[in-house]
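# Analysis of the macromolecular model
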Amino acid sequence: MLTLIPPIKEYEKEIFDFKDEMLSFGDIEFNGCGRLEQYSSFEEWKDHLDSYADRNKMDPSCGLVEGRQYMLFDTEKKRVLGMANVRHYLNDFLMNLGGHIGYSIRPTERGKGYGTLQLKLALEKLKEIGVNDVLVTCDDDNTASYKTIESCGGTLENKVYSDKYGCFIRRYWINQ
Ligand SMILES: CC(C)(COP(=O)(O)OP(=O)(O)OC[C@H]1O[C@@H](n2cnc3c(N)ncnc32)[C@H](O)[C@@H]1OP(=O)(O)O)[C@@H](O)C(=O)NCCC(=O)NCCS
């Protein structure tokens with residue numbers, strides 16, 4: 001069974017196997033992975049994730065908004081297929097460039113429909129908390145990502161140039 005679940009200690013080995021595969025394929029951006037690339041133990045990564053899991057307990061200067069980390073997990077194979085970071089509201093940066101949801105599928109599992117499934121399941125998490133208008137963004141030339149967004153019903157609002165990323169960013173809204 002494929003399911004979108006929060007990261008748990010029980011799957012620490014599988015989580016770091018996902019990280020190692022991303023690195024071995026040179027995928028250093030770790031989109032939607034909650035900065036997993038910066039951590040080498042589950043506890044440290046979880047502390048970071050917990051630091052922005054509740055808007056009432058956050059450091060206002062941290063620059064993040066309340067959000068949750070999820071992973072697309074194959075319960076039979078015990079394998080992390082992907083990661084999705086779900087933000088509960090938008091700050092200026094997210095409204096312009098980052099959007100409500102960031103995501104990655106591990107390199108060896110791409111092109112099999114998992115990206116679309118993961119985005120659909122991440123959208124459900126937002127729907128559960130009453131977020132019906134969801135912004136999802138990607139680089140203008142990231143065909144796999146914009147097709148994923150379009151498969152989930154995304155409507156392109158515009159493309160904005162980002163000095164930070166040195167490219168145009170597509171901004172899509174998904175109304176659910
Ligand atoms: C973007 C990403 C999550 C897509 O995941 P995926 O599992 O490969 O996506 P799917 O298999 O569900 O395919 C989704 C759509 O993209 C298309 N697609 C997938 N890989 C593609 C590729 N390399 N080139 C062109 N189209 C591609 C599929 O055909 C499908 O389109 P369709 O619905 O019109 O048939 C994955 O490529 C990834 O992790 N990329 C690196 C991280 C990243 O870019 N994250 C997004 C940042 S905004």
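Cut-offs and rules
- Residues numbered from 1 in each chain as written.
- Predicted model: local features only at pLDDT ≥ 70, side-chain atom pairs only at ≥ 80, totals over all residues.
- Heavy atoms only, no water.
- Helix = DSSP H or I, 4+ residues; strand = E, 2+ residues; numbered from the N terminus.
- Rg over C-alpha atoms; globule rule 2.2 N^0.38 Å.
- Buried < 20%, exposed > 50% of the residue type's maximum accessible area, 1.4 Å probe, protein only.
- Contact = heavy atoms within 4.5 Å.
- Lys, Arg positive; Asp, Glu negative; His and termini not counted.
- Charge placed at Lys NZ, Arg CZ, Asp CG, Glu CD.
- Near = heavy atom within 4 Å.
- Polar contact = N/O pair within 3.5 Å; in protein donor to acceptor, adjacent residues only side chain to side chain.
- Areas by Shrake-Rupley, 256 points an atom, 1.4 Å probe, with all protein chains shown as cover.
- 1 Å grid on protein atoms, 1.4 Å probe; cavity = no way out; pocket = protein on both sides within 12 Å on 5 of 7 lines; lining within 4 Å.
- Sits in = over half its atoms within 2 Å of the grid points.
- Pairing = 2+ DSSP bridges.
- Axes fitted to C-alpha atoms, helices over the stretch in contact; angles between N-to-C directions.
- Disulfide = S-S within 2.5 Å.
- Parallel < 35°, antiparallel > 145°, perpendicular 65-115°, else oblique.
- Nonpolar A, V, L, I, M, F, W, Y, C, P; charged D, E, K, R; others polar.
- Core = buried A, V, L, I, M, F, W, Y, C linked by side-chain atoms within 4.5 Å.
- Points joined across faces, edges and corners; volume = space filled by probe spheres on them.

Check the secondary structure of the protein and you find five helices and seven strands. Of the regular secondary structure in the protein, the N- to C-terminal order runs β-α-α-β-β-α-β-α-β-α-β-β. Computed over C-alpha atoms, the radius of gyration of the protein comes to 15 Å, within 12% of the 16 Å expected from 2.2 N^0.38 for 176 residues, which places it in the range of a compact globule. Referenced to the eigenvectors of the C-alpha coordinate spread, the extents of the protein come out at roughly 40 × 40 × 35 Å. When each of the 176 residues of the protein is scored for burial, the buried share is 48%. Sequence-distant contacts, at least 24 apart, represent 59% of the contacts inside the protein between residues at least 6 apart. Side-chain charges of the protein comprise 23 positive and 29 negative groups, with the mean position of each set lying 3 Å from the other.

Every one of the 20 residues lining the ligand counts as a neighbour, but Tyr 103, Ile 105, Gly 111, Gly 113 and Thr 116 are closest to it. Contact between the ligand and Ile 105: an oxygen atom at 2.7 Å from a main-chain N or O atom of the residue. Gly 113 places a polar main-chain atom, nitrogen or oxygen, 2.7 Å from an oxygen atom of the ligand. For the ligand, whose accessible area on its own is 930 Å², the fraction buried by protein is 69%. For the ligand, the cavity whose grid points lie within 2 Å of the majority of its atoms is the largest pocket.

Moving on, we get to the sheet that holds strand 7 (residues 167-175). A sheet is described by the order of its strands in space; here three strands give the open sequence 5-7-6, paired in antiparallel fashion. Each edge of the open sheet carries a strand with a single partner, namely strand 5 (133-139) and strand 6 (155-162). Strand-to-strand twist of the sheet, defined as the mean angle between neighbouring strand axes without regard to direction, takes the value 25°. Bridge analysis of strand 5 against strand 7 gives seven bridges, and the strand direction is antiparallel. When the sheet's bridge partners are listed, Leu 135 is paired in strand 7 with Trp 173.

Time to look at the state of the cysteines. One pass over the full model with this rule turns up zero disulfides. Free cysteine Cys 138: the closest other cysteine sulfur is in Cys 167, separated by 9.4 Å. Overall, the relative accessible area of 6% leaves Cys 138 in the buried class. Among the cysteines around Cys 152, which has no disulfide bond, Cys 138 carries the closest sulfur, lying 12 Å off. The class for Cys 152 is buried, based on a relative accessible area of 12%.

Once that is clear, we can look at the packing of helix 1 (residues 12-24) against helix 2 (residues 42-50). Taken N-terminus to C-terminus, the directions of helix 1 and helix 2 make an angle of 85°; their axes are 11 Å apart at the nearest point. Between helix 1 and helix 2, the interaxial angle falls into the category roughly perpendicular. Side by side, helix 1 and helix 2 meet where Glu 12, Ile 15 and Phe 16 of the first sit next to Phe 42, Glu 43 and Trp 45 of the second. A class-by-class count of the residues in the contact of helix 1 with helix 2 yields four nonpolar, no polar and two charged.

Moving on: the nonpolar core. Ile 101, Val 134 and Ile 149 are the most contacted members of the largest nonpolar core, which totals 24 residues. Secondary structure elements with two or more residues in this core: strand 2 (67-74), strand 3 (79-87), strand 4 (101-105), helix 4 (114-128), strand 5, helix 5 (143-151) and strand 7. The residues touching Val 134, leaving out its near neighbours within four places in the chain, are His 100, Ile 101, Leu 123, Leu 126, Tyr 172, Trp 173, Ile 174 and Gln 176. One finds Phe 16, Trp 45, Met 58 and Met 71 within the second-largest nonpolar core, a separate group that totals 19 residues.

On to the layout of surface pockets. Size it by volume and the largest pocket reaches roughly 1,400 Å³. Considering the residues around the largest pocket, the lining is formed by 47 residues, among which Phe 30, Asn 31, Gly 32, Gly 102 and Tyr 103 are closest to the centre. Taken together, the residues of the lining of the largest pocket break down into 16 nonpolar, 20 polar and eleven charged.

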